[in-house]
Amino acid sequence: MTTSRPSLPILGFAAYSGTGKTTLVETLLPYLTQQGLRIGVLKHAHHDFDVDVPGKDSYRLRKAGASQMLVASRKRYALMTETIDAEAKFDDLLQRFDSPQLDLILVEGCKNVAFPKIELHRAALAKPWLYLNDHNIIAIAADETVDTSLPQMNINDIEAISQFILRYVDHYQPHSDLKPQKPSIAKANCDTLSPASLSVEQGLEKILAAVSSLSDVESIAVSESYGRVLAEPVFSPVNVPAYRNSAMDGYAIRNDDLQRDHYTQVAQVMAGYRYTSPLALGECVKIMTGAAMPDNADTVVMREQAVVESSSISFPHASIQAGQHVRQAGEDIALGSHVFSSGQRVQSAEMGLLASLGMTEVSVFRRLTVAIFSTGDEVQAPGSQATPDTIFDANRFTLIGLLTHLGCRVIDLGILDDDQTLMTHALEQAANQADVVITSGGVSVGDADFIKSALNTLGHIDFWRINMRPGRPFAFGHVSTRPFFGLPGNPVAVMVSFMQFVEPALRKMQGETDWQPLKIKAIASEELRSRQGRSEFSRGIYHIDDNGQLTVRTTGQQGSGILRSMSEANCLIEIEPAVDKVNIGESVTIIPLQGRI
C-alpha cells in the first residue's frame, strides 16, 4: 500500500556536499518563523548518527534492545526508532510529522527523491547542474546565473530565498498523494534535439515514431500460437462454464426446500453426466465437482457436512445459504463477451483459455523476419582457427537468442569484412529478404567508415550518441524501406541497447500494443555510482533477504566487454540521469531479466 504524503507544502534543497545546505536552512528558519510559519525540518544523513547521550537512561534502555524509545519531559518529547532491517522510506518519515500543527516541511538531503526542490549551486565546487536532469527542481539559488526559465536567486540573498518560499507556501495546491513527475519529452526535431546527444527516452520516442506494425495476418492452430500476437479481438463463442455445475463434491438440493430435516438421495452424478429428471421436494442428488446441476436444484451442501444413513441424507450442523457452491452458466465468460484485444501476445494462459472456448485456430500477425550480421576485420567465427589480434563473434549469437525469444525469424548473414562493396551488397540483400536489419559494430566514433558509406548509398541513417552506459554509440534509420539498427560492438552494450531500443520497436512491429518492460524498486546493498546526465545500466543480482526485503547488488566489474556479467545477472540496475550516487540502503530501479533474454 502506498503511503500518502501530508497535504501541506514540502520543499527541499538539492545540492552537492559542501554547498552549505545546513547553514542556509539554519539562516532561513528565523526569517520564515518571523512570518508566522510553523516549520518542520527533515534532514537525511547518509552516515550513521545518534541523538542520544551514552550513559543516559534512554540510551541504556535502547541499547538493551528497545526498538522504539519515547523520551518525554515538560518541554519536549522524542521518539527514537531503530531501523536495522531497512532504512525508513521518505514518505513514511513525512508521516511522522504532526502535519496539522505545521505550515511547511523543509527537507535537507534526499535529492534523489521526487518532490519539489530548490537547487543550491556554488561555482567554486565545479559540480554539474542538477536541474538539467531533475524535473522536480522548481528554482535555483546560486552564485552565478544560468540560461534557464526557472526562477533564480543569489544563494547569499536570504531575503529573496525567503520570499520565494513564502510565495510557494501561499500558492501551494494540496494533493492527497504526490507522485514523481515524469519528464516531458519534446517532439524530436532539428531545433530541439542534437543528433549527437539523446536521452534514452528521446531515442526510443524517435524510433517508435518511425516504425509501424505489420499488416499481414494469418490463421494458425491454437497449439502453435505461443508467442504470437493476436491480429483480431477474440469474442467468446460459448458460455464458460457452459452449464450450471457444482463447485465442489456434495449434495444438490432445492433452495425452496432448505429447512427439511432429511432428504432422500435419488441419484449420484459424476462430472460429465447429468441427472435427467427434475429434482422433487424432499430429494437430493449426490454430485461431484463440475457435474451438471439437476433441474430445480440450485444449492450444494458439502459432503463433509452430510450425515448419511442409507439413502437418507441430513445436514444437522450445516449453515446453508440458497445458491451456495454452484457455478452459473457463463459465470466466468459469457457468450459473445470480449476475451482478448488485438495486439495481445499469446502465452500459456491465453492458449489454455482459447482452447477452453473450443477454438482451434486464431488470427495472428505473421512472424517478423530480421537479418543480422557482424562487422569488422577483427571478428572471426567460432570454430575457425584463432589468429592473433582477432576476437570470436559473440554478438550474432546473442542477437539470435534475443530475436528467437521474441518469436522472430532470423536470417544470419555472418561476419562482413571491412569492405564497402561487400557491405553494400549485404545490406541490400538483407533489406530485400527481411523486415528489419540489425548490425553490430562499426557505429562508434573512430570506427572505419565502410558501413557508414554503405548505408548512405542505400537509405537514410542517423548516427547518435545516446546518454547511456553501456551502449552510447547507436545508429538508426532505414535501408530502403526497412528499419535499420546499428548496435555497438561491445557484447554487453549490444544486449543493453537491444533491450532499450530494438525490443520495444520489434514488439510494436509485431503488432503488440501497450508493452512496457517490468521495472520494480529494490534496496541497494552496495554503493552505486553514475555520471549525472546519463542513464546507467549496471548488471545486477537481486534477491529477497531474511527480512523479506528485495535487495540488489552489482555483479562486479561493469566493463561493456564483460559478457559474463550478463550471464551472471538476473536484472539490470537503472540509475536515472538526475542521480549521481545511490547509497547503501537507498531505493533503486531494477529491470528483471527473466523473460527478456
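Residues numbered from 1 in each chain as written. Predicted model: local features only at pLDDT ≥ 70, side-chain atom pairs only at ≥ 80, totals over all residues. Heavy atoms only, no water.

- In the nomenclature of an unreviewed UniProt entry, the protein is known as Molybdopterin molybdenumtransferase of Vibrio metschnikovii.
- Here is the UniProt Function (unreviewed entry) comment for the protein, exactly as written: "Catalyzes the insertion of molybdate into adenylated molybdopterin with the concomitant release of AMP."
- If you open the UniProt record of the protein and go to Pathway (unreviewed entry), you find "Cofactor biosynthesis; molybdopterin biosynthesis." (UniProt positions renumbered as here; feature names shortened; annotations may be inferred.)

**Details of the pattern of salt bridges**
Item 1. For the coordinates displayed, the defined rule picks out 20 salt bridges.
Item 2. Aspartate 393 is paired through a salt bridge with arginine 396; the nearest N and O atoms lie 2.6 Å apart.
Item 3. Residue class for aspartate 393 comes out buried when judged on its relative accessible area of 5%. (Salt bridge = Lys/Arg side-chain N within 4 Å of Asp/Glu carboxyl O. Buried < 20%, exposed > 50% of the residue type's maximum accessible area, 1.4 Å probe, protein only.)

**Details of the side chain of asparagine 570**
Item 1. As for its placement among the helices and strands, asparagine 570 is situated in the loop between helix H11 (564–568) and strand E34 (571–575).
Item 2. Within polar-contact distance, the side chain of asparagine 570 engages the backbone nitrogen of tyrosine 542 at 2.9 Å. (Helix = DSSP H or I, 4+ residues; strand = E, 2+ residues; numbered from the N terminus. Polar contact = N/O pair within 3.5 Å; in protein donor to acceptor, adjacent residues only side chain to side chain.)

**Examining the nonpolar core**
Item 1. Counting residues in each nonpolar core, the largest one holds 42 residues, and the members touching the most others are Ile438, Phe474, Phe485, Phe498 and Leu506.
Item 2. Secondary-structure elements contributing two or more residues to this core are helix H5 (200–210), strand E21 (369–375), helix H7 (395–405), strand E25 (436–440), strand E28 (473–479), strand E29 (482–487) and helix H10 (491–509).
Item 3. The biggest single contributor to this core is H10, with 11 residues.
Item 4. In this structure phenylalanine 485 touches Ile207, Val436, Val437, Ile438, Thr439, Phe474, Ala475, Phe476, Phe501, Val502 and Ala505, once residues within four positions along its chain are discounted.
Item 5. If you look at the next biggest cluster of nonpolar residues, it comprises 25 residues, including Leu32, Ile118, Leu120 and Val169. (Core = buried A, V, L, I, M, F, W, Y, C linked by side-chain atoms within 4.5 Å. Contact = heavy atoms within 4.5 Å.)

**Concerning unusual backbone geometry**
Item 1. Proline 241 follows valine 240 through a cis peptide bond whose omega is -5 degrees.
Item 2. Within the secondary structure, proline 241 sits in the loop between strand E10 (234–235) and strand E11 (245–246).
Item 3. Geometrically, the link from arginine 469 to proline 470 is a cis peptide bond, its omega value of -5 degrees lying close to zero.
Item 4. Mapped onto the elements, proline 470 comes out in the loop between strand E27 (468–469) and E28.
Item 5. Not every positive phi belongs to a glycine, and alanine 126 is a case in point at roughly 55 degrees.
Item 6. Since its relative accessible area comes to 67%, alanine 126 is described here as exposed.
Item 7. Notably, asparagine 296 is not glycine yet its phi reads approximately 80 degrees, a positive angle.

**A word on the sheet that holds strand E13 (residues 263–269)**
Item 1. In spatial order, the strands read E15-E12-E14-E13-E17-E16; together these six strands make up an open sheet with mixed pairing. For this open sheet the edge positions go to strand E15 (299–302) and strand E16 (307–309), each flanked by a neighbour on one side alone. Here the average twist between neighbouring strands, direction ignored, is 40 degrees.
Item 2. Note that E16 and strand E17 (residues 312–314) share three bridges and pair antiparallel. Across the sheet, valine 307 pairs through a bridge with serine 314, a residue of E17. (Pairing = 2+ DSSP bridges. Axes fitted to C-alpha atoms, helices over the stretch in contact; angles between N-to-C directions.)

**Remarks on the environment of phenylalanine 484**
Item 1. By the secondary structure assignment, phenylalanine 484 is in strand E29.
Item 2. According to the relative accessible area criterion, phenylalanine 484 is buried, its value standing at 0%.
Item 3. Considered as a pair, phenylalanine 484 and threonine 439 are 45 residues apart in the sequence and their alpha carbons are 8.1 Å apart.
Item 4. Contacts of phenylalanine 484, omitting those with residues within four sequence positions, involve Leu427, Val437, Thr439, Leu455, Ile461, Ala475, Phe476, Gly477, His478 and Val479.

**Some details on the packing of aromatic side chains**
Item 1. Within the structure shown, the criterion is met by 10 aromatic pairs.
Item 2. Ring plane angle 65 degrees and centroid distance 6.5 Å describe the contact between phenylalanine 474 and phenylalanine 485, whose orientation is recorded as edge-to-face. Of this pair, phenylalanine 474 sits in strand E28 while phenylalanine 485 sits in strand E29, and the two are 11 residues apart along the sequence.
Item 3. Residue class for phenylalanine 485 comes out buried when judged on its relative accessible area of 0%.
Item 4. Between phenylalanine 476 and phenylalanine 485, the ring centres sit 5.2 Å apart and the planes meet at 50 degrees, which makes this aromatic pair tilted. As far as the burial class goes, phenylalanine 476 and phenylalanine 485 line up, both buried.
Item 5. Through pairs of rings, three or more aromatic residues link up here, namely Trp464, Phe474, Phe476, Phe485 and Phe501. (Phe/Tyr/Trp six-rings, centres within 6.5 Å; stacked < 30°, edge-to-face > 60°.)

**Some details on empty space enclosed by the protein**
To find the voids left in a structure, one rolls a probe of water-molecule size over its atoms.
Item 1. Going through the model one piece at a time under the given rule, you end up with three cavities of 30 Å³ or more.
Item 2. Its volume calculated, the largest cavity comes out at about 70 Å³.
Item 3. Contributing to the lining of the largest cavity are Gly227, Arg228, Val229, Arg345, Phe365, Arg366, Arg367, Leu368, Leu406, Gly407 and Gln510.
Item 4. Split into classes, the residues belonging to the lining of the largest cavity amount to four nonpolar, three polar and four charged.
Item 5. When its volume is computed, the second largest cavity comes out at roughly 40 Å³.
Item 6. Lining the second largest cavity we find Tyr16, Thr19, Leu120, His121, Arg122, Leu125 and Lys127.
Item 7. Class assignment of the residues belonging to the lining of the second largest cavity gives a composition of three nonpolar, two polar and two charged. (1 Å grid on protein atoms, 1.4 Å probe; cavity = no way out; pocket = protein on both sides within 12 Å on 5 of 7 lines; lining within 4 Å. Points joined across faces, edges and corners; volume = space filled by probe spheres on them. Nonpolar A, V, L, I, M, F, W, Y, C, P; charged D, E, K, R; others polar.)

**Concerning the packing of helix H8 (residues 420–433) against helix H9 (residues 450–458)**
Item 1. One can describe the packing of H8 onto H9 by two numbers: an axis separation of 9 Å at closest approach and a directional angle of 45 degrees. Between H8 and H9, the interaxial angle falls into the category oblique. The handedness of the crossing between H8 and H9 comes out as right-handed. Here Gln420, Met423, Thr424, Leu427 and Glu428 of H8 lie close against H9, whose contacting residues are Phe450, Ile451, Ser453, Ala454, Leu455, Thr457 and Leu458.
Item 2. Per-class residue counts for the contact of H8 with H9 are seven nonpolar, four polar and one charged. (Parallel < 35°, antiparallel > 145°, perpendicular 65-115°, else oblique. Left-handed = near helix turned anticlockwise from the far one by under 90°.)

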